[in-house]
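Each chain, written out:
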Amino acid sequence: MAFEIKVRKTFSASHQLRHASGGCERLHGHNWVCLVYVCGDTLDRNGLLVDFRDIQAALTGVIDELEHTHLNDLAPFRILNPTAENLAKHVFEGVQKGLDENRNNRARVSRVEIFETEDCSAAYFLPQEAASGIAT
Ligand SMILES: Nc1nc2c(c(=O)[nH]1)N=C([C@H](O)[C@H](O)COP(=O)(O)OP(=O)(O)OP(=O)(O)O)CN2
Ligand SMILES: [Zn+2]
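Residues numbered from 1 in each chain as written. Chains lettered and ligands numbered in written order. Predicted model: local features only at pLDDT ≥ 70, side-chain atom pairs only at ≥ 80, totals over all residues.

Below, the discussion takes up the site of ligand 1. All residues adjacent to ligand 1 are Leu17, Gly22, Gly23, Cys24, His28, Thr83, Ala84, Glu85, Glu116, Thr117 and Ala122. In terms of residue class, the shell around ligand 1 is made up of 4 nonpolar, 5 polar and 2 charged. (Near = placed C-beta within 6 Å. Nonpolar A, V, L, I, M, F, W, Y, C, P; charged D, E, K, R; others polar.)

Right, here's the structure in full:
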């Protein structure tokens, strides 16, 4: 058994999907919704896996660089297509890096889900065996 906590944040940005059909290669924008899940087996003495505020701070650090931009212009997406999948991986790695700076080895990012619309999302997640290897 493990604990899992979630933080949600939204941002607005435009993109163009290179080599895509159906109009996705044209300039258009989304109000993206980002869900970050953090998991671990043990709580601290205050009953927290990780303070929500620490995850929010790490997530804000990543999202501030995406907010109100044209994603294709940003270094990570100059070649890589700014799809929901690639954004999920980008946010996953950025938030994990932010949490690593707090030296909390009881918990780690397990999943990031990025919604383009209410109906469509993509996720990047930790394989099950890696999630179960978190230090206790
Ligand atoms: N697997 C993925 N599929 C698609 C992605 C993606 O990131 N991952 N992205 C897109 C486009 O960004 C596009 O915005 C989607 O537009 P569309 O198909 O037109 O759907 P919308 O809901 O935005 O527009 P409607 O006019 O309401 O249908 C496509 N696929
Ligand atoms: Zn789009």
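Residues Val36, Val91 and Val95 are the most contacted members of the largest nonpolar core, which totals 27 residues. Elements that contribute at least two residues to this core include exactly strand 1 (3-15), strand 2 (28-40), helix 1 (52-64), helix 2 (84-100) and strand 3 (108-115). Top contributing element to this core by residue count: helix 2, with 6 residues. (Core = buried A, V, L, I, M, F, W, Y, C linked by C-beta atoms within 7 Å. Buried ≥ 20, exposed ≤ 12 C-beta atoms within 10 Å, placed from the backbone. Helix = DSSP H or I, 4+ residues; strand = E, 2+ residues; numbered from the N terminus.)

Turning our eyes to something else, we now look at helix 2. With 17 residues, helix 2 extends 24 Å from end C-alpha to end C-alpha; this agrees with the ideal 24 Å at 1.5 Å per step. For helix 2, the complete set of buried residues consists of Leu87, Ala88, His90, Val91, Phe92, Gly94, Val95 and Leu99. At its buried positions, helix 2 is contacted by strand 2, helix 1, strand 3 and strand 4 (121-125). (Expected span 1.5 Å × (residues − 1). Contact = placed C-beta atoms within 7 Å.)

Another point: the environment of Arg108. Relative to the assigned elements, Arg108 resides in strand 3. C-alpha separation for the pair Arg108 and Asp54, spaced 54 residues apart in sequence, amounts to 12 Å. Apart from the residues within four sequence positions on either side, Arg108 is in contact with Val38, Gly40, Gln96, Leu99 and Ile134.

So, on to the UniProt feature "active site" (unreviewed entry) in the chain. Those residues carrying the UniProt feature "active site" (unreviewed entry) are Cys24, His68 and Glu116 in this numbering. Of note, Cys24 is situated in the loop between strand 1 and strand 2. You can see His68 is positioned in the loop between helix 1 and helix 2. According to the C-beta neighbour criterion, His68 is exposed, with 10 such atoms within 10 Å. Other than its neighbours up to four places away in sequence, His68 contacts Ser12 and Ala13. (UniProt positions renumbered as here; feature names shortened; annotations may be inferred.)

Moving on, we get to the sheet that holds strand 2. Sheet strands line up and pair through hydrogen bonds in the backbone, either parallel or antiparallel. Across the sheet, which stays open at both edges, the 4 strands sit in the order 1-2-3-4 with antiparallel pairing between neighbours. The strands lining the two open edges of the sheet, one partner per strand, are strand 1 and strand 4. Between one strand and the next, the sheet's axes are offset by a mean angle of 20°, whatever the strand orientation. One ladder, built from 5 bridges, connects strand 3 with strand 4; its direction is antiparallel. The residue bridging Glu113 from the neighbouring strand is Ala123, located in strand 4. Here helix 1 sits on the sheet in contact with strand 1 and strand 2, set at roughly 20° to strand 1. Relative to strand 3, helix 2 is tilted by about 145°, and along the sheet it contacts strand 2, strand 3 and strand 4. (Pairing = 2+ DSSP bridges. Axes fitted to C-alpha atoms, helices over the stretch in contact; angles between N-to-C directions.)

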